[in-house]
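Listed below are the residues making up each chain.
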Amino acid sequence: MLQITTLRQDPERVKERLGLRNFPQPGLVDELLQDDENIRLQKGITEKLQASLNSISKEIGMLMGKGEKAAAEAKKEEVAGLKKELAAEADKLSLLEHTFNSRLLQLPNLPHQSVPAGKTPADNQVVREGGTKPDLASDALPHWELIKKYNLIDFETGSKLTGSGFPLYKGKGAKLQRSLIQFFLDYNTSAGYTEYLPPLMVNEATAYGTGQLPDKEGQMYHITEDGFYMIPTAEVPVTNIFRDEIVKATDLPVKMTAYTPCFRREAGSFGADVRGLNRVHQFDKVEIIQLTEPSLSYITLDEMVLHVERLLQFLELPYRILRLCGGDMGFTSALTYDFEVYSAAQQKWLEVSSVSNFETFQTNRMKIRYKEEGGKTQLLHSLNGSSLALPRIVAALLENNQTAEGINLPQALHTYFGEATIK
RNA sequence: GGAGAGUUGUCCGAGUGGUUGAAGGAGCACGCCUGGAAAGUGUGUAUAUGGGAAACUGUAUCGGGGGUUCGAAUCCCCCACUCUCCGCCA
């Protein structure tokens, strides 16, 4: 959620930045400023009434204390009218605030100055590429065939147990998951991230904190009986660890990592790229999250990009890093880099990570703050990224490294997996 | 799932309707004392938000939400969490 002070300071810049996102209602900005003005006026009226009511109540208290009952009764009558008036004004105020809040929630984050203009993924900027695409034989198999060939995942039984998109990993397939998770977590903790293993269901307040509610309600599995949501990413519980906290400046930056399964309904995204592991309802992911002071967040973003990039180099996968254009960025992000790996048999780029700076958009909702040197309390910046999402990594590893003898795993995984080749 | 006890400021802890934003203590900050420190002593010490150049000041906040009342930390209702006992159970 944007801070209203940002709108007050420079409404024209806000509109210009929203334009980069192709935000359809620039008029909202002026409406919000008008609301803001009205609210402050109405607050003045309401609070003045409340103040006089409070002071009369105090007087009554003093009179009662002195035993002057009659005088107190007289005051009580005086107050009756005031109370009615106050109730009416307070209603007006809460109506104004309600409108204001629902309008403010509709505003996405403002794109950083380096965000390119554009409407679709085709407008994203390729920042850099790395690794080399393998030369596969013409009869190279897509990963869903390789999965069958080496008996790594049983999609059919997963469907029987739950439904489509819930893979059942098996044997070497299950072990490969475990190896990757362990490797990613070790890599993250050795870079100073503290490991967490959070709850996989969260309550409404938590889902609201990171912006899943009210915006993406339909994307989460909802346990209505208890009012819980299955997490779509570790970002949700882990960032909320610091909700309503004031972090000591000396404890910054806060660096956290977590492995969790992620649950996504993926409502409305049926279509071409749902085969095999390209898009599933439950998948494993390791996430990194940082809370930093505002002046350092873009340096931190660059560090996180390098961190994820190095991980892909360890995996020896061909990758590219994209800077998302205004039209393709998520609602809450100010700047996002997407990482894609090339899955050679499908001849497709698959998104495996998304590293973003949210500035104060999330922390404003969650009231995650820190105390500055001078003693002033300020919102922190929050950032996060995947390191990494497993299914598409597995897809690319299988496809790119297939040989007649088996799947050759990258060096970095050998000790974790216990073998160099899946046969 | 059933029964009971509890949730107060950075922490401990008092407070069952009226100048209570909240006693007392600890901690912390600054001063005095000291050769220096400890002890002692004095003062200060929540957050958010509105108004104001500032001094200052209005409002809200005693787990969360609602209610009663002129007035609620205090009374009533609902919810969450913690602890104890019973039941069930990996």
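As the structure is a computational prediction, the values presented were derived from the model and not from experiment.

Rules and cut-offs
- Residues numbered from 1 in each chain as written.
- Chains lettered and ligands numbered in written order.
- Predicted model: local features only at pLDDT ≥ 70, side-chain atom pairs only at ≥ 80, totals over all residues.
- Heavy atoms only, no water.
- Phe/Tyr/Trp six-rings, centres within 6.5 Å; stacked < 30°, edge-to-face > 60°.
- Helix = DSSP H or I, 4+ residues; strand = E, 2+ residues; numbered from the N terminus.
- Buried < 20%, exposed > 50% of the residue type's maximum accessible area, 1.4 Å probe, protein only.
- Lys NZ or Arg CZ within 6 Å of the ring centre and 35° of its normal.
- Near = heavy atom within 4 Å.
- Nonpolar A, V, L, I, M, F, W, Y, C, P; charged D, E, K, R; others polar.
- Salt bridge = Lys/Arg side-chain N within 4 Å of Asp/Glu carboxyl O.

Student: Would you mind showing me how to read the packing of aromatic side chains here?
Tutor: Any two aromatic rings considered together are summarised by their centre-to-centre distance and by the angle between their planes. Scanning the model with the defined rule gives seven aromatic pairs in all. Ring centres of Phe183 and Phe314 lie 6.0 Å apart, and the angle between their planes is 90°; this geometry places the pair in the edge-to-face category. Of this pair, Phe183 sits in helix α7 (residues 172-190) while Phe314 sits in helix α10 (residues 297-314), and the two are 131 residues apart along the sequence. With relative accessibility at 39%, the residue Phe314 sits in the partly exposed group. When the ring of Phe331 is compared with that of Phe361, the centres are 5.9 Å apart and the planes differ by 80°; the resulting orientation is edge-to-face. Placement of the pair is Phe331 in the loop between β11 (319-323) and β12 (335-343) and Phe361 in helix α11 (residues 361-366), with a sequence separation of 30 residues. Using a relative accessible area of 21% as the deciding quantity, one classes Phe331 as partly exposed. Members of the aromatic cluster, each reached through a chain of ring pairs, are Phe183, Phe184, Tyr187, Phe314 and Tyr416. Residue placement shows Arg365 over the ring face of Tyr208; its charged tip is 4.7 Å from the ring centre.

Student: Help me out: how do you make sense of the protein's contact with RNA strand B in this one?
Tutor: Around RNA strand B, the structure places 17 residues, and the nearest of them are Arg40, Glu47, Ser57, Lys76 and Lys83. When the atoms of RNA strand B within 4 Å of the protein are sorted by group, sugar and phosphate make up 65%. Counting residues per element, the surface near RNA strand B draws most heavily on helix α3 (residues 27-66), which supplies 10 residues. Taken together, the residues of the surface near RNA strand B break down into four nonpolar, five polar and eight charged.

Student: Is there a simple way to think about the pattern of salt bridges in this case?
Tutor: Charged atoms that come close allow side chains of opposite charge to pair. Summed over the entire model, instances satisfying the criterion amount to 15 salt bridges. The residue Arg8 makes a salt bridge to Asp36 at a minimum N-O spacing of 2.7 Å. On the criterion of sequence distance, the pair formed by Arg8 in helix α1 (residues 4-9) and Asp36 in helix α3 is long-range, its members being 28 residues apart. In this structure, the salt-bridge partner of Arg17 is Glu16, at a minimum N-O distance of 3.2 Å. Taken together, the salt bridges that share partners define one network made up of Arg8, Asp36 and Arg40.

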